[in-house]
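Each chain, letter by letter, is given below.
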Amino acid sequence: MRLVLTVQWRAKFPQIYFGVAILAVLVFRSLIPAELVPLAVPAFLFGEPGSLGILMVAAHRYMERGQQSVVALAVTPLTSREYVSALIFGSAIAPTFATALVQAGVLGVDARVALVMPPLYLIAVVSGAIGLMLSTVFAEFTRFILGTIPPITIYSLPLLSFFGLTPWWAFKWIPSDSALVIFGMLARDRFDAWAYAGSLGLLTLFAVLAWWAAIATYAARIRREIEFA
Amino acid sequence: MIVSARNLRFRYPRSAGDVLHGLDFDIAEGEIFGFLGPNGSGKSTTQKILTGILPAYRGAVQVFGHDVGSQRADYYNRIGVSFEFPNLFEKLTAEENLAFYRGFFDVPTDEPGALLRSLDLPVGDRRPVAAFSKGMKTRLVLARSLINRPKLWFLDEPTTGQDPHHAVAIRDLIRAQADSGVTVFLTTHDMTVADKLCDRVALIDEGRLPVVDAPRALKLQFKEPVVRVEHRAPDGSLERKDFRLDDAISKHAFLEMVRTTDVQTIHTQEPSLEDVFLRLTGKALV
């Protein structure tokens with residue numbers, strides 16, 4: 001119950017995402033040539049939940065650090081696992097819906113909207129966990145932004161193969177690659193159930209690992225922030 | 001005893017030495033126990049240990065009969081913690097802050113509106129907490145710490161930033177909670193608050209407790225047996241003279257002055273808790 005409440009609260013803030021999504025739909029429909037849509041839409045779906053997922057969690061964290069509100073949560077029955085889970089899982093909801101809205105607005109409202117949401121959500125979870133971990137390393141938000149460059153670069157490498165610049169297999173073990181596989185097949189409207197299930201399975205595995213690492217980070221670093229606040 | 005600390009010691013990582021040097025104290029049920037000391041004396045560190053935030057202490061600390069280090073989530077259902085820093089969710093309204101917070105507890109909680117009213121905070125105010133004054137934020141933190149109807153209430157400088165009217169209201173609230181059986185652990189450097197509220201105070205200095213006793217007992221213990229007399233001099237000016245009551249000659253002089261001059265006031269000179277602290281440690285409280 002506590003987890004549900006906290007997830008709801010974390011999911012509440014970023015209404016601005018939907019404004020960005022509507023703007024993106026307008027850009028896609030008026031400025032992007034139709035022949036580029038099968039490449040441009042997956043690239044957008046790939047980039048938005050990842051980058052915004054990192055920033056969203058970090059924004060929560062830096063705000064809470066400034067307010068010291070995390071110290072107030074530390075003297076409630078809310079456990080560290082619930083705190084981290086709510087932050088990561090809750091913050092991933094808005095980017096998921098907002099990005100799915102872009103796909104629906106550009107490619108149409110059909111089954112693909114439902115199919116695109118699980119990978120979008122899992123990407124936002126992975127990137128949110130990375131954002132949480134990075135936020136414990138950098139004391140200031142500006143330094144945090146610089147600190148996101150290496151993970152975002154690694155995250156973005158599969159785009160090279162997606163655009164045909166390097167071999168696809170080189171980036172198979174980067175979590176974001178699995179999402180790109182799904183977004184690509186959905187944009188070209190060539191659904192392959194096995195490829196979808198395999199990619200989703202890998203993404204789920206990465207999301208669980210990232211969540212676990214974020215909980216371990218909480219125990220090691222955020223707890224220390226609370227102790228010495 | 002609700003709280004019992006024996007030989008409590010604590011050292012922050014990378015610090016040269018202990019910040020708490022073997023504290024011993026007990027707190028009985030329904031007692032208002034004051035931790036009185038200057039900034040940096042170890043008050044907040046002690047509170048953090050008792051609230052389970054700092055687990056790496058040495059010595060024995062029991063709360064509700066259990067080691068504080070082994071306390072789990074249920075412990076937080078039974079305590080309330082009001083921080084000196086108003087660590088609220090600033091983008092939320094006062095009611096949203098309380099409504100959000102109460103959802104974490106597994107015990108019956110109070111209605112946010114009633115709590116807000118009890119601390120003279122507006123009900124139905126749509127402003128985010130960020131727009132509140134410091135005094136309002138402190139009162140909201142107090143309200144939040146009561147939402148789960150705690151049995152043990154930790155208060156850190158509860159009257160900071162309050163005008164005299166609200167400071168009195170907060171003192172009345174604390175007294176009312178104690179009268180209803182709530183045990184209060186109050187850390188402060190405000191001797192007036194400690195003097196007016198606390199059943200007993202522990203004076204803490206550089207991580208040591210030189211004395212733990214009732215405020216009145218401490219003041220009597222350190223009282224100077226002196227009477228101060230203000231009287232009108234023949235030229236009409238107001239003069240002041242102190243007489244020791246433990247000295248026969250001085251006592252005689254005092255009676256002579258009362259008999260022969262136009263006495264305006266006579267007062268015994270009782271020390272304040274600040275004087276007691278100064279006497280014991282050689283330092284001022286603030």
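Residues numbered from 1 in each chain as written. Chains lettered and ligands numbered in written order. Predicted model: local features only at pLDDT ≥ 70, side-chain atom pairs only at ≥ 80, totals over all residues.

A. Representation of the overall build of chain A in the model. Per the secondary structure count, chain A includes 12 helices and 0 strands. In sequence order, chain A lays out its α and β elements as α-α-α-α-α-α-α-α-α-α-α-α. In terms of overall dimensions, chain A is globule-like: its C-alpha atoms have a radius of gyration of 18 Å, near the 17 Å expected for 229 residues. Projected onto its principal axes, the C-alpha coordinates of chain A cover approximately 55 × 35 × 35 Å. (Helix = DSSP H or I, 4+ residues; strand = E, 2+ residues; numbered from the N terminus. Rg over C-alpha atoms; globule rule 2.2 N^0.38 Å.)

B. Representation of the overall build of chain B. On a plain count of helices and strands, chain B comes out with 10 helices and 13 strands. When the 286 residues of chain B are sorted by exposure, 39% land in the buried category. If you take every contact in chain B between residues at least 6 apart in sequence, the share linking residues at least 24 apart comes to 67%. (Buried ≥ 20, exposed ≤ 12 C-beta atoms within 10 Å, placed from the backbone. Contact = placed C-beta atoms within 7 Å.)

C. Looking closely at the pairing of strand E12 (residues 238–244) of chain B. Residue and element names in this part refer to chain B. The sheet contact formed by strand E11 (residues 226–232) and E12 spans 7 bridges and is antiparallel. Bridging from a neighbouring strand, Arg-232 pairs with Leu-238 of E12. Counted between consecutive antiparallel strands, the loop separating E11 from E12 contains 5 residues, among which Gly-236 sits at a positive phi close to 95°. (Pairing = 2+ DSSP bridges.)

D. Structural view of the interface of chain B and chain A. Taken together, the contact between chain B and chain A spans 18 residues of the former and 16 residues of the latter. Examining the composition of the side of chain B that touches chain A, we find that 3 residues originate from one element, helix H2 (residues 73–78) of chain B, more than from any other.

E. View of unusual backbone geometry. For Asp-189 of chain A, which is not glycine, the phi torsion reads 60° and is therefore positive. Of note, Asp-189 of chain A is situated in the loop between helix H11 (175–187) and helix H12 (193–227). Phi at Arg-149 of chain B is positive, roughly 50°, even though this residue is not glycine. Tracing the backbone through its elements, the reader meets Arg-149 of chain B in the loop between helix H5 (134–145) and strand E7 (152–156).

F. Up close: the sheet that holds strand E5 (residues 66–67) of chain B. Residues and elements named next belong to chain B. Across the sheet, 4 strands lie side by side as E2-E1-E4-E5; this open sheet has antiparallel pairing. Of all the strands in the sheet, the pair left with one neighbour each is strand E2 (20–27) and E5. Bridge count between strand E1 (residues 3–10) and strand E4 (residues 58–63): 5 bridges; the pairing is antiparallel. Looking at the pairing, Arg-9 lines up with Arg-58 of E4. Against the sheet, helix H1 (residues 43–50) engages E1, E2 and E4, with an angle of about 120° to E1. (Axes fitted to C-alpha atoms, helices over the stretch in contact; angles between N-to-C directions.)

G. Broad picture of the nonpolar core. Judged by nonpolar contacts, the single largest core of 129 residues is most densely connected at Ile-88, Val-125, Ala-129 and Ala-214 of chain A together with Leu-36, Val-184 and Phe-185 of chain B. Element by element, the count of residues in this core is highest for helix H7 (residues 111–137) of chain A, at 13 residues. (Core = buried A, V, L, I, M, F, W, Y, C linked by C-beta atoms within 7 Å.)

H. Summary view of the environment of Val-37 of chain A. All names here are of chain A. Turning to its location among the elements, Val-37 is positioned in helix H3 (residues 37–67). Note on Val-37: 17 C-beta atoms within 10 Å, which makes it partly exposed. Measuring from C-alpha to C-alpha, the distance between Val-37 and Ile-174 comes to 24 Å, with 137 residues separating the pair along the chain. Excluding its chain neighbours within four sequence positions, the residues that come into contact with Val-37 are Ile-32 and Val-106.

I. Geometry of the confidence of the model for chain A. Mean pLDDT over chain A stands at 85; residues scoring 70 or higher make up 94%. When pLDDT is averaged over each helix and strand of chain A, the minimum, 68, is found for helix H1 (residues 2–10) of chain A and the maximum, 92, for H7 of chain A. (pLDDT = per-residue confidence, 0-100.)

J. Representation of the packing of helix H3 (residues 94–102) of chain B against H5 of chain B within the structure. Residue and element names in this part refer to chain B. Taken N-terminus to C-terminus, the directions of H3 and H5 make an angle of 25°; their axes are 10 Å apart at the nearest point. Judged by the angle between their axes, H3 and H5 are roughly parallel. By crossing handedness, the relation of H3 to H5 is classed as right-handed. Taken together, the residues of H5 that come into contact with H3 (itself represented by Ala-94, Asn-97, Leu-98 and Tyr-101) are Leu-140, Ala-143 and Arg-144. When its residues are assigned to classes, the contact of H3 with H5 shows 5 nonpolar, 1 polar and 1 charged. (Parallel < 35°, antiparallel > 145°, perpendicular 65-115°, else oblique. Left-handed = near helix turned anticlockwise from the far one by under 90°. Nonpolar A, V, L, I, M, F, W, Y, C, P; charged D, E, K, R; others polar.)

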